[in-house]
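# Remarks on the overall topology
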Amino acid sequence: MVKLFKKEHLETVKKIALDNAKEILLNIEDIIAHNEGRVFVYELNNEIVAFGFFQPFAYGKRIDVGIVVDKAVRRQGIGTALWHSISRLAKERYSAESFECRILADDLAAIYFCGKLGFLPWISTHTMVYNDELLPTPATLFEPYEDKYYESYYELLGEAFYEMRKRIGAEPFKMVPNGNREEMFESETFLAINSQDKPIAAVTIEMGNHIENLCVLPEAQDLGFGRQLAIFATNRALMSERGFAELEVVSTNERAIGLYKSLGYKTVRTISVLKMKNK
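Residues numbered from 1 in each chain as written. Predicted model: local features only at pLDDT ≥ 70, side-chain atom pairs only at ≥ 80, totals over all residues. Heavy atoms only, no water.

### Comments concerning unusual backbone geometry
For Asn 213, which is not glycine, the phi torsion reads 50° and is therefore positive. Counting through the fold element by element, Asn 213 comes out in strand β10 (residues 210–216). Even without glycine at this site, Asp 222 takes up a positive phi of about 65°. Positionally, Asp 222 belongs in the loop between β10 and α6 (225–238). Overall, the relative accessible area of 69% leaves Asp 222 in the exposed class. (Helix = DSSP H or I, 4+ residues; strand = E, 2+ residues; numbered from the N terminus. Buried < 20%, exposed > 50% of the residue type's maximum accessible area, 1.4 Å probe, protein only.)

Structure (structure tokens):
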């Protein structure tokens with residue numbers, strides 16, 4: 001039976017994640033805390049044997065999905081039942097237009113399961129980690145995000161990532177705000193602002209140490225903003241409770257991979273990203 005997650009389920013869910021998905025869900029406690037009301041568990045014979053969650057991206061109507069079923073009870077429709085609960089709530093609450101799931105590239109059973117649900121291969125990403133000394137402080141001063149930059153920030157995201165996706169051969173799309181301005185304050189976002197008070201580069205730090213959405217406007221590239229943002233975000237992540245920096249980069253984005261390697265990042269795993277468009 002599918003149920004909403006409760007606090008008393010936490011230790012069991014952590015054990016299921018550790019035993020069955022420790023390579024891809026290292027921060028399951030943070031994920032649960034960040035997605036209150038969006039986590040489900042499956043109870044079988046009075047025991048929690050599986051869980052699933054979803055988290056909306058801060059832009060557009062895209063939903064990230066995770067489902068973990070204990071190996072001992074797989075192939076009983078448990079994962080499918082969790083998916084139905086997740087997708088139904090995501091469509092109702094967020095008008096989801098597409099879903100994405102991340103799976104270890106060599107986990108063929110999980111890829112097969114998602115394929116049966118209707119997910120299709122999309123891109124692959126490398127998870128890269130830095131856990132060395134603090135990097136030299138960048139010269140550029142970056143400002144914390146403020147609500148007054150909401151529209152211009154999304155213009156930056158839309159233009160920068162559209163061009164990047166075209167360059168690396170991934171399906172380009174324009175990022176658009178989902179209208180929930182409060183979500184911007186659930187994580188840390190920092191901006192480089194030009195003399196016209198317009199963001200020209202940005203980076204977000206999720207859950208203290210996960211670096212996301214590092215981007216620079218095309219006309220401001222090759223001026224060092226990307227490298228300085230990466231250093232700035234890395235140092236903030238190192239000073240977090242977790243003590244290391246982590247990010248994901250598309251496997252065909254050789255320019256970004258080269259930047260992170262030059263700073264000392266190392267690839268620890270490769271993830272296959274599957275995608276399903278809402279029907």
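### A closer look at the environment of Leu 156
Locating Leu 156 in the fold gives a position in helix α5 (residues 150–168). Along the backbone, Leu 156 and Met 175 are 19 residues apart, and their C-alpha atoms lie at a distance of 9.2 Å. The residues touching Leu 156, leaving out its near neighbours within four places in the chain, are Pro 199, Ile 200, Ala 201, Ala 202, Cys 215, Val 216 and Leu 217. (Contact = heavy atoms within 4.5 Å.)

### Considerations on the sheet that holds strand β11 (residues 245–250)
The strands that make up a sheet pair up through hydrogen bonds in the backbone, lying either parallel or antiparallel. Taken in spatial order, the 12 strands make up an open sheet running β1-β2-β3-β4-β5-β12-β6-β11-β10-β9-β8-β7, and their pairing is mixed. In this open sheet, the two edge strands, each paired with only one partner strand, are β1 (2–4) and β7 (143–144). Alignment of strand β9 (residues 199–206) against β10, held across 5 bridges, turns out to be antiparallel. Each residue of the ladder has a partner; that of Ile 205, found in β10, is Ile 211. (Pairing = 2+ DSSP bridges.)

### What to know about the nonpolar core
Grouped together as the largest cluster of nonpolar side chains are 53 residues, with contacts concentrated most on Tyr 153, Tyr 260 and Tyr 265. It is α5 that provides the largest number of residues to this core, a total of 9 residues. Excluding anything up to four places from it in sequence, Tyr 153 contacts Tyr 145, Met 184, Thr 189, Leu 191, Pro 199, Ala 202, Thr 204 and Asn 213. Formed by 24 residues, the second largest nonpolar core is a distinct cluster that contains Val 65, Val 69, Trp 83 and Leu 89. (Core = buried A, V, L, I, M, F, W, Y, C linked by side-chain atoms within 4.5 Å.)

### Some points on the pairing of strand β5 (residues 98–104)
Within β5, 5 of the 7 residues are buried, which leaves the element mostly enclosed by the surrounding structure. Summarising the sheet, strand β4 (residues 62–69) and β5 pair through 4 bridges and their orientation is parallel. When the sheet's bridge partners are listed, Arg 62 is paired in β5 with Ser 98. Handedness of the β4-helix α3 (residues 78–94)-β5 crossover: right-handed. Bridge count for β5 against strand β12 (residues 266–277) is 7 bridges, and the pairing is antiparallel. (Right-handed = clockwise from strand over helix to strand, strands pointing away.)

### Quick word on the pairing of strand β2 (residues 39–44)
Examined bridge by bridge, β1 and β2 share 3 bridges and lie antiparallel to one another. Counterpart to Leu 4 in the pairing with β2 is Phe 40. Examined bridge by bridge, β2 and strand β3 (residues 47–56) share 6 bridges and lie antiparallel to one another. By the bridge assignment for β3, Glu 43 is matched with Ile 48. As consecutive antiparallel partners, β2 and β3 are separated by 2 residues, and within that stretch Asn 45 has a phi angle of approximately 55°, a positive value.

### A look at the environment of Thr 270
Relative to the helices and strands, Thr 270 is located in strand β12. Accessibility expressed as a relative area gives 28% for Thr 270, which makes it partly exposed. Once the C-alpha coordinates of Thr 270 and Thr 127 are considered, the two residues, 143 residues apart in sequence, prove to be 6.2 Å apart. Setting aside residues up to four positions removed in sequence, Thr 270 forms contacts with Ile 103, Leu 104, Ala 105, Ser 124, Thr 125 and His 126.

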